[in-house]
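Structural overview for review
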Amino acid sequence: TEAELMRSQRLDSLAMLAGGLSHDLRNILQPLLMVAPMISERTDDTRLLRLGELVEDCAKRGLDMVASMLSFARGARQAGSTVNVKQLLRALDLLMRGTLPRNVVLDISDVPNDLNFEGNDTELQQCLLNLCLNAIQAMPSGGTLTLRAERTWVDADGQRAAGEYLRIAVSDTGVGMDEDVQRRLFTPFFTTKPDGTGLGLLSCKRIVENHRGLLGVTSAPGEGTTFQILLPLELETADARGRSETVRNARLL
Ligand code: ADP
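Rules behind the numbers
Residues numbered from 1 in each chain as written. Predicted model: local features only at pLDDT ≥ 70, side-chain atom pairs only at ≥ 80, totals over all residues. Helix = DSSP H or I, 4+ residues; strand = E, 2+ residues; numbered from the N terminus. Buried ≥ 20, exposed ≤ 12 C-beta atoms within 10 Å, placed from the backbone. Core = buried A, V, L, I, M, F, W, Y, C linked by C-beta atoms within 7 Å. Near = placed C-beta within 6 Å. Nonpolar A, V, L, I, M, F, W, Y, C, P; charged D, E, K, R; others polar. Expected span 1.5 Å × (residues − 1). Arc of directions from axis to C-beta. Contact = placed C-beta atoms within 7 Å. Pairing = 2+ DSSP bridges. Axes fitted to C-alpha atoms, helices over the stretch in contact; angles between N-to-C directions. Left-handed = near helix turned anticlockwise from the far one by under 90°. Parallel < 35°, antiparallel > 145°, perpendicular 65-115°, else oblique.

1. Structural notes on the overall build of the protein
Within the protein, the regular secondary structure consists of seven helices and eight strands. In the protein, which comprises 253 residues, the proportion classed as buried is 25%.

2. Points about the nonpolar core
Within the largest apolar cluster, 32 residues are counted, with the highest numbers of intra-cluster contacts made by Val 85, Leu 131 and Leu 166. Looking at which element gives the most residues to this core, the answer is helix α4 (residues 121–137), with seven residues.

3. Details of the site of the ligand
Close to the ligand lie 23 residues, the nearest being Asn 134, Ala 138, Thr 191, Gly 196 and Gly 200. For the shell around the ligand, the class distribution of residues is 10 nonpolar, 11 polar and two charged.

4. Some thoughts on α4
Between the first and last C-alpha of α4 there are 24 Å, a value that for 17 residues agrees with the 24 Å anticipated at 1.5 Å per step. All buried positions along α4 are accounted for by Glu 123, Leu 124, Gln 126, Cys 127, Leu 128, Leu 131, Cys 132, Asn 134, Ala 135 and Ile 136.

5. Describing helix α3 (residues 85–97)
Along an α-helix, residues three or four apart share an orientation, since each turn contains 3.6 residues. The end-to-end C-alpha distance of α3 is 18 Å, a good match for the 18 Å that 13 residues give at a rise of 1.5 Å each. Considered for burial, the residues of α3 that qualify are Val 85, Leu 88 and Leu 89. The arc that holds the buried residues of α3, viewed along the axis, is 90°, so those residues lie on one side. Away from the buried face of α3 by more than 90 degrees, exposed residues Leu 94 and Arg 97 are located. Next to the buried residues of α3 lie β1 (81–84), β3 (116–119), α4, β4 (143–154) and β5 (163–172).

6. Describing unusual backbone geometry
Of note, Phe 189 is a non-glycine position whose phi angle comes to about 70°, a positive value. One can find Phe 189 in the loop between α5 (179–184) and α6 (200–210). Its 10 C-beta neighbours within 10 Å are what place Phe 189 among the exposed residues. Even without being glycine, Arg 212 reaches a positive phi, approximately 60°. With respect to the helices and strands, the residue Arg 212 is situated in the loop between α6 and β6 (214–220). Residue Arg 212 is classed as partly exposed on the basis of its C-beta count, with 16 C-beta atoms lying within 10 Å.

7. As for the pairing of β4
As judged from the four bridges shared by strand β2 (residues 104–107) and β4, these two strands associate in the parallel manner. By the bridge assignment, Asp 107 is partnered in β4 with Thr 146. Two elements, β4 and β5, share 10 bridges in a ladder whose sense is antiparallel. By the bridge assignment, Glu 150 is partnered in β5 with Arg 167.

8. Considering the environment of Asn 27
Assignment of secondary structure puts Asn 27 in helix α1 (residues 2–41). By C-beta crowding, Asn 27 is classed as exposed, having 10 other C-beta atoms within 10 Å. When the C-alpha positions of Asn 27 and Leu 63 are compared, they lie 9.6 Å apart, and in sequence the two are 36 residues distant.

9. Some details on the packing of α4 against α6
Remark: α4 packs on α6, axes separated minimally by 9 Å, with the N-to-C direction vectors making an angle of 145°. Handedness of the crossing formed by α4 with α6: left-handed. Of α6, the residues touching α4 (which contributes Glu 123, Leu 124, Gln 126, Cys 127, Asn 130, Leu 131 and Asn 134) are Gly 200, Ser 203, Cys 204, Ile 207, Val 208 and Asn 210. In the contact of α4 with α6, the residues fall into six nonpolar, six polar and one charged.

10. Details of the packing of α3 against α4
Put simply, α3 and α4 touch, their axes get as near as 10 Å, and they point 50° apart. Considering the angle they form, α3 stands oblique to α4. At the point where α3 passes α4, the crossing takes the right-handed sense. On the side of α3, the interface is formed by Leu 88, Ala 91, Leu 92, Leu 95 and Met 96, while α4 contributes Asp 121, Leu 124, Gln 125, Leu 128, Leu 129 and Cys 132.

Laid out in structure tokens, this is it:
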């Protein structure tokens, strides 16, 4: 319809604007990030040192926001395509191998080869990477990072329609979270890390919701954390005559 076309054109221009702006902002912020530590290196004055840290911190935050704007710009322009889940996780495994601490084991052996999903692989990769990096940081003395994926039937509740979902779970055997932290997870800039941005999980949530999915968490302090992504494959919807009908996720996107 005309309204949909208008909306998609507006989204397109917004994406272009965000893309251009991010690019320019990055060129301003990157030099700041490089220069800030030089201030700290060249002085013993504690006030100057603190200012240097502040500049560095702000530049980092700015660059993180630029990164999420860029991913928004790309996401809005990129149509979904068929993503093979095992391939996505293998690529993630490769990407992370360089940064994986020696005492952390990544296990994707349980993931079946034949799981596919209509979606944006760059965004999904970004989301899984965020969850994995958080998991690694939660295991300073080592542990196991396990990724599982399966098709699963989910009953309807207040938040979701009944249907067949793709469930991806990222589990760690790390420090876990108390209830207070779990409640604040998706608040912008909420972080318990000295160098955290508090934007990682928010961006994950946005990506999952762009795919009409749900992001959930279960955690126990001292035992570990599991983040669960539910992405709709085929949903049951009631049509006008009250009959139930299944909708493939390709049509939902
Ligand atoms: P950041 O990683 O920059 O702090 P996030 O939004 O990704 O930002 O995470 C917010 C907070 O959630 C973290 O600071 C941490 O306290 C908590 N958190 C996220 N993932 C985990 C995890 N796997 N185990 C324990 N705590 C976690």
